[in-house]
Amino acid sequence: MGAVLKVIFGALIAVILGLTLRQQGKDIALLLSVAVCCMVIAVGIAYLTPVVDFVRQLQSNSGADPEFVRILLKSVGIGLVAEIAGLICTDAGNAALAKAIQIMATAVILWLSLPLMSALLELVRKLMEEV
């Protein structure tokens, strides 16, 4: 919990500094924002590692196909990266590019999910045959 508070306070200080620097030059403020985002992500990854371990343990205990878990983790990763990239683009004043990144990420996640949807469709077919 202490690390999260430190990150939040650091980010708030970076916002105040960024607002001050924005008057001097928008490029420097954007670079500060990107640097702070990278640091926040680095801290966040440390918190995601136990979650990934838990999901893998859940997969091994349930006997689910490891490919499905890999797809799930990739989808979450793509969503998080796209969200951060979109926020940086919005901060840089390019909201259209941010939306394009989010749409592209959604399309990639749907594409990645095709094996999951196919397996679900097959399961529904088997259940319907039994009824």
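Preceding this paragraph is the structure being described.
Let me begin by describing the structure that accompanies this report. (Residues numbered from 1 in each chain as written. Predicted model: local features only at pLDDT ≥ 70, side-chain atom pairs only at ≥ 80, totals over all residues. Heavy atoms only, no water.)

**Topic: the overall build of the protein**
Part 1: Secondary structure assignment for the protein yields five helices and zero strands.
Part 2: Each helix (α) and strand (β) of the protein, taken in turn from the N terminus, gives the series α-α-α-α-α.
Part 3: Taking 131 residues into account, the globule formula puts the C-alpha radius of gyration at 14 Å, and the protein, at 20 Å, lies well above it.
Part 4: In terms of its C-alpha atoms, the protein occupies a principal-axis envelope of roughly 70 × 35 × 20 Å.
Part 5: Going through the 131 residues of the protein one by one, you find that 15% of them count as buried.
Part 6: By sequence separation, contacts in the protein at least 24 residues apart represent 53% of the contacts at least 6 residues apart.
Part 7: For the protein, the accessible surface area stands at approximately 9,600 Å², while carbon and sulfur atoms represent 74% of it. (Helix = DSSP H or I, 4+ residues; strand = E, 2+ residues; numbered from the N terminus. Rg over C-alpha atoms; globule rule 2.2 N^0.38 Å. Buried < 20%, exposed > 50% of the residue type's maximum accessible area, 1.4 Å probe, protein only. Contact = heavy atoms within 4.5 Å. Areas by Shrake-Rupley, 256 points an atom, 1.4 Å probe, with all protein chains shown as cover.)

**Looking at the environment of Val-7**
Part 1: Secondary-structure assignment places Val-7 in helix α1 (residues 2-24).
Part 2: Judged by its relative accessible area of 22%, Val-7 is partly exposed.
Part 3: C-alpha of Val-7 to C-alpha of Gln-59: the two residues are 52 residues apart in sequence and 32 Å apart in space.
Part 4: If we ignore the near neighbours within four places in the chain, the residues touching Val-7 are Val-40 and Val-43.

**A closer look at the pattern of salt bridges**
Part 1: According to the stated counting rule, one finds two salt bridges in the structure shown.
Part 2: We note a salt bridge from Arg-70 to Glu-67, for which the minimum N-O separation is 2.4 Å. Of this pair, Arg-70 and Glu-67 both sit in helix α3 (residues 66-91), three residues apart, which is roughly one turn of the helix.
Part 3: The partly exposed category is assigned to Glu-67, whose relative accessible area is 32%.
Part 4: Two residues, Arg-125 and Glu-122, come together in a salt bridge whose shortest N-O distance is 3.8 Å. Of the two residues, Arg-125 and Glu-122 are both situated in helix α5 (residues 114-130); the distance of three residues between them amounts to about one turn of the helix. (Salt bridge = Lys/Arg side-chain N within 4 Å of Asp/Glu carboxyl O.)

**Details of a nonpolar patch on the surface**
Part 1: On the surface, Val-4, Leu-5, Ile-8, Phe-9, Leu-12 and Tyr-47 cluster together into a nonpolar patch covering about 550 Å² of accessible area.
Part 2: Per element, the largest residue contribution to the nonpolar patch is five residues, and it comes from α1.
Part 3: With respect to the element layout, Val-4 can be found in helix α1. (Patch = residues over 30% accessible without salt bridge, like charges linked within 9 Å, V, L, I, M, F, W, Y side chains within 5 Å.)

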